[in-house]
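Coordinates in review
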Amino acid sequence: MSAPTAKQVAEEEAERLLAAAKLNPNDGGPFRSLGHHYARAGDAQRAARCYQRAVTLDPDDAEAGEALCDLLDVEGKESLELAVCKEAAGKSPRAFWAFRRLGYLQVHQNKWSEAIQSLQHSIRGYPTCADLWEALGLAYHRLGMFTAAVKSYGRAIELDSSRVFALIESGNIQLMLGYFRKGVEQFRSALELAPHNHSAYFGLASALLAWSRHCVATGAFTWAANLLKEASEAAKVCSSLTGNLSCVWKLHADTQLALARCFPWEDGDIKWGMDEHTFKASVLEWRSTCLSAANGAKLSYQRALHLTPWEANIHIDTAVCLDLICTMEKNNSVDLIIWELPEKMSLGGLMLEPVNKDFWVTLGSVSSNQSLKQHSLIRALHLDMSLSEAWAYLGKIYRQSGHKQLARQAFDRARSIDPSLALPWAGMSAEDHNQYEAGAVNESYESCLRAVQILPLPEFQIGLGTIAARSGELLSPQVLMAVRQAVQRAPHYPESHNINGLVAEVRSDFQSAIASYQQAKFALDMMHRSKLDNRYPFVDVSLNLARSLFKAGLATDAARECEELKTKGLLNVDGLQIYAFALWKLGRHDEALSVSRNLAENLPSMKQESATGALGFICTLAYNITGTDSAALVIHTLPGQPSYNRELKFIISALDALQPNKRFQLPQLSMPPRLTSYEVMSEVHSNIALGKAIGGESNSCLGVEGGLSYLKKVLHMYPDCSLVRNHLGSLLLSGGDWTASHKAVRVTSLSHGHTSNRGLRSPHQIQACATVSCYATCISYPKFSFPTCEDQYLSQYNALCNLQRLVHQEPWNQDARYLLVLAIFQKAREEKYPKHISTILKRKQYMKCLQNRTNTEIGWVMLKQLESRCSLNPGSDEIEINLKECIERKGSNPSKWVSLFNLACAQSSMRAEDFAIAEKALAQACAEKDADSCVLFLNGAMNMEMARRYAAPQFITLAASSLRKAQQKSQATVPVVSLLLAQADGSLGSKAKWEKNLRLEWFSWPPELRPAELYFQMHLLASQSTAVGAPQQKQQFLLPETMQSPGAWLLRAIHQNPSCSRYWKALQQLVYV
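Residues numbered from 1 in each chain as written. Predicted model: local features only at pLDDT ≥ 70, side-chain atom pairs only at ≥ 80, totals over all residues. Heavy atoms only, no water.

Overview of the packing of aromatic side chains
If you walk through the whole model with that rule in mind, you get eight aromatic pairs. Between the aromatic rings of Tyr 1015 and Trp 1049, the centroid separation amounts to 6.0 Å while the plane-to-plane angle is 35°, which identifies the pairing as tilted. One end of the pair, Tyr 1015, is in helix α51 (residues 1012-1026); the other, Trp 1049, is in helix α52 (residues 1046-1056), and 34 residues separate them in sequence. The exposure class assigned to Tyr 1015 is buried, which follows from its relative accessible area of 3%. An aromatic cluster is present here, built from Trp 265, Phe 279 and Phe 522 joined pairwise through their rings. The side chain of Arg 100 reaches across the aromatic face of Tyr 126, ending 4.1 Å from its centre. Sitting above the plane of the Trp 425 ring, Arg 415 keeps its charged end 4.7 Å from the centroid. (Phe/Tyr/Trp six-rings, centres within 6.5 Å; stacked < 30°, edge-to-face > 60°. Helix = DSSP H or I, 4+ residues; strand = E, 2+ residues; numbered from the N terminus. Buried < 20%, exposed > 50% of the residue type's maximum accessible area, 1.4 Å probe, protein only. Lys NZ or Arg CZ within 6 Å of the ring centre and 35° of its normal.)

What follows is the structure, encoded as structure tokens:
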């Protein structure tokens, strides 16, 4: 018989499935199988009807539902597929296949809200399906729910790390949220999976570009340049993958343009004393790099413009790029007929969008024609009167043309519309800087600082440094950062180097200041300006260089710089002062006096403030060269009733104090108070008081009484003057009055008014000296734990608080730290060294020792001990590292010192009750060769304590082993060792060893030092001895426990320590028995 054909088999299978379906028409299984049969046979319609029948009977049948939807999807019946899924989902909430398919269809139809509900429900049935999480993330993303989208994408990536789409979309969201670093990481991960994915390259370049802008805003220009280089490479690769795609070429141009704007000038290899050629080569290389990047941006913009000439934004970006190139090449033309390329490109954008207000502002900013500038900005304002950029540029034009009032009004209007725009703040700062009032200068500084914080342009930063030099804010960290950034962004500007030198000079970094001034001179030589334009900046820079050279101790170089200016006829009044001072330092006194006479000849033509300052300098120089007589001669040649400045008044009062015949009479003292400053008069009166003290009758010491009587009178005139009070307190401490310490404290303790640390001593020093003096003279009963002085000004809480505040304000001030330690020590001495103050003193002692370091091994071990005693948490392994270095350097025995160090660590942990760490440290100490008996003893004691605390019998064996080794290594019997060993042996069940070790413990103690616990243990041992039989009594007669009865031993223990409850309980049991 022949075998049945395939067709016959298929027909038989269909008949069996039909029969099964007829037997149980409510069972969906046969219909599902019948649908599979028809699908394999190619009968799609019958298969679909069978699948639909199966899904109708059982909506949870995922196999039939998916097969039905696949058939409908192939046939393109999307609406019918959607209806099937909705019907199944409506019948059963567990039809997760229907919700999943429905969610996919709704995502395909951009029905994001409905898709989120369907996908969330389907995830309950398929929680590990990466496709569902990715689709859910896309729905969240399209609805603007970025946080939920990032979480969904992240879950999809966790389930399947090869999800490139999820990585790219997650990176885009991170980029929109401002998390540039995370976005870059996502794009890089996507590129690792798909190296030729142009979307990942585009996203990476965009993220790096945005990240670089953030770095530029924070001043990290080198980092920003590196990011932009990587972004440019990514955009270049993307352009090679996509070909002629305009947005990619525009992105590449944006990265190149940003690189040209932020690429920093690195001066790390240029040191002080470098030559002009090196500086010029470095600056030219920087300029070439920036220009190359700008030209690359121009070419990419042209390529993008060629592909999409209808994009107006590309015209405007090209105009901005061309304007930057023209600025860097210094090719700005002022021809009114010829149109520049930036202007042409801006007009091209305006031809496409003539009503775009931002394009008109761009035309006004790039144009070199003043009329066209003004017309463009006014046209922009016609389109939008609230356009702050147009008002700001219009104010800049008015200021350049000399219309100050119109410029101020335009800047005010722009600043009121948009306070986050930098140009109006910078314009208002320039307007206020031209005024000479103190309030205007401060307002100018604040406005310029605001402009720099908004937009860190080098021009704004140089302006901030210039204003700070006038207002005395060069020490501000904001100014320091701004000036350093200006040097990096504009090294071809001599102003940036000059201001950088001023900042370094005011910080006493004279070597850096000299290098900056030299770089400013080199930059001046590189500028293409006329000789007349360069003359005045050259004089300023040269004078600054000479001054810094002199302050750095290079008087010869400073004099040479001034002589160079003198030969060119450019040495002004300030230069004469520096030149004279340098000559005096070099010992060329005659030349210095000659220069000072030349300076005196120029006094009538100088301003009043400058003239009085120069006159004070002449007096000081004459006094230092020829003495008081020459200075007196200069003073007497002054015109009648001069308007003395602060320095000159101070010099006159000092000369008056040093002259024994009192040849000067100060006209200031008879002047009305409104004509003399508070600070100047306090200094003058302080000098007079010192003069009276110097001119006293005693030749061996100061005449304190004369100065005291004068300062007391002055104090009535100036009761709030801190300088006068400081001098008065210092002179009081120098006198012989035993109550001077109390008076000095009362005089110098000011809670308001003018405060000053100047004088013979600061207020804190006076208070500290008075503290020691009061304790030494006013405490007659040292046995008391409190001071017996009635005037306890020095023990108040405010004294310590003031010193602590001073240390926090001036952490570099060693005198302040010394005074604080002295005050704490004095307080501890008065209170008989309480624990908390002693801990503070030990902590300060520890920090001082750690700072000074030590060259011996025992020193580092003791520092570890001191660390625990000072209650300090060990934050690093500095002591251990230094100990190992010391051992290697000196070639000592490492096992010995490491063992001692571990012992110190164990003791520290024991004080902190961290017994686990202590036991580990002791185990390491015992593991060393030839471990000391003390280490073994401590290890045994620690194991006993661990066994007691944690009820761990395994520690008893370890304790017995360590204690037995300690007992064997000890040359003499050591107390407590045998006692602990007896307890360990007793716990292990060895009665004989317990008795033996207790007897050894008895003989290891001197009779007068035996503790109560030892007597109690002898009581237990005697109780055991009384229980033995008569034959053994003769052998036990010589044992120590038989010397007394058990009750006598117990009474002796109670007598030694009556507070122990164990002894009393044992006595009760003994009495009852």
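Details of empty space enclosed by the protein
Here the idea is plain: a probe the size of a water molecule rolls over the atoms and shows the empty space left. Across all of its chains, the model carries four cavities of 30 Å³ or more by this definition. Empty space within the second largest cavity amounts to approximately 60 Å³. Mapped onto the lining of the second largest cavity, the elements with two or more residues apiece are α3 (44-57) and α5 (78-91). Looking at the lining of the second largest cavity element by element, the count peaks at four residues for α5. By residue class, the composition of the lining of the second largest cavity is three nonpolar, two polar and two charged. (1 Å grid on protein atoms, 1.4 Å probe; cavity = no way out; pocket = protein on both sides within 12 Å on 5 of 7 lines; lining within 4 Å. Points joined across faces, edges and corners; volume = space filled by probe spheres on them. Nonpolar A, V, L, I, M, F, W, Y, C, P; charged D, E, K, R; others polar.)

Remarks on the packing of helix α6 (residues 96-108) against helix α8 (residues 130-142)
Relative orientation of the contacting elements α6 and α8 amounts to 35°, with a least axis distance of 11 Å. Two packed elements cross with a definite hand, and for α6 against α8 that hand is left-handed. On the side of α6, the interface is formed by Arg 100, Tyr 104 and Val 107, while α8 contributes Asp 131, Leu 132, Ala 135 and Leu 138. Class assignment for the residues of the contact of α6 with α8 results in five nonpolar, no polar and two charged. (Axes fitted to C-alpha atoms, helices over the stretch in contact; angles between N-to-C directions. Left-handed = near helix turned anticlockwise from the far one by under 90°. Contact = heavy atoms within 4.5 Å.)

Some points on the layout of surface pockets
Approximately 930 Å³ is the volume attributed to the second largest pocket. Leu 502, Asp 540, Asn 544, Arg 547 and Asp 574 are the residues nearest the centre of the second largest pocket, which is lined by 25 residues in total. Elements with a contribution of two residues or more to the lining of the second largest pocket: α24 (458-471), α26 (494-506), α28 (531-551), α30 (573-585) and α32 (608-626). It is α28 that contributes the most residues to the lining of the second largest pocket, six residues altogether. When the residues that make up the lining of the second largest pocket are grouped by side-chain class, the tally is twelve nonpolar, seven polar and six charged.

Quick notes on the confidence of the model for the chain
Looking at the chain as a whole, the pLDDT averages 76, with 74% of positions reaching at least 70. The model gives residues 697-701 a pLDDT under 50, and that stretch makes zero contacts with residues more than four places away or in other chains. Confidence drops under pLDDT 50 across residues 1029-1037; counting only partners more than four residues distant or on other chains, this segment forms five contacts. (pLDDT = per-residue confidence, 0-100.)

Here's the deal with the pattern of salt bridges
Counted under the stated rule, the structure contains 24 salt bridges. Each of Glu 66, Asp 70, Glu 81, Arg 100 and Arg 101 takes part in a single network of salt bridges with overlapping partners. (Salt bridge = Lys/Arg side-chain N within 4 Å of Asp/Glu carboxyl O.)

Things to note about the packing of helix α15 (residues 276-307) against helix α27 (residues 510-526)
The packing of two helices is summarised by the inter-axis angle and the distance between the axes. Their axes nearest at 10 Å, the elements α15 and α27 cross at an angle of 65°. Judged by the inter-axis angle, α15 sits roughly perpendicular to α27. Two packed elements cross with a definite hand, and for α15 against α27 that hand is right-handed. Taken together, the residues of α27 that come into contact with α15 (itself represented by Glu 276, Phe 279, Lys 280, Val 283 and Leu 284) are Gln 519, Phe 522, Ala 523, Asp 525 and Met 526. Grouping the constituent residues of the contact of α15 with α27 by class yields six nonpolar, one polar and three charged. (Parallel < 35°, antiparallel > 145°, perpendicular 65-115°, else oblique.)

Quick notes on α24
Along an α-helix, residues three or four positions apart point the same way, because every turn accommodates 3.6 residues. Given a rise of 1.5 Å per residue, 14 residues ought to cover 20 Å, and the 20 Å separating the end C-alpha atoms of α24 matches this to within 8%. All of the buried residues in α24 are Pro 458, Phe 460, Gln 461, Ile 462, Leu 464, Gly 465, Ile 467, Ala 468 and Ser 471. After α24 finishes, the residue Gly 472 shows a positive phi value of roughly 80°. (Expected span 1.5 Å × (residues − 1).)

Some thoughts on the environment of Cys 85
For Cys 85, the position within the fold is in helix α5. Sequence separation between Cys 85 and Gly 65 is 20 residues, and the spatial gap between their C-alpha atoms is 8.1 Å. Residue contacts for Cys 85: discarding those within four places in its chain leaves Cys 69, Ala 98, Arg 101, Leu 102 and Leu 105.

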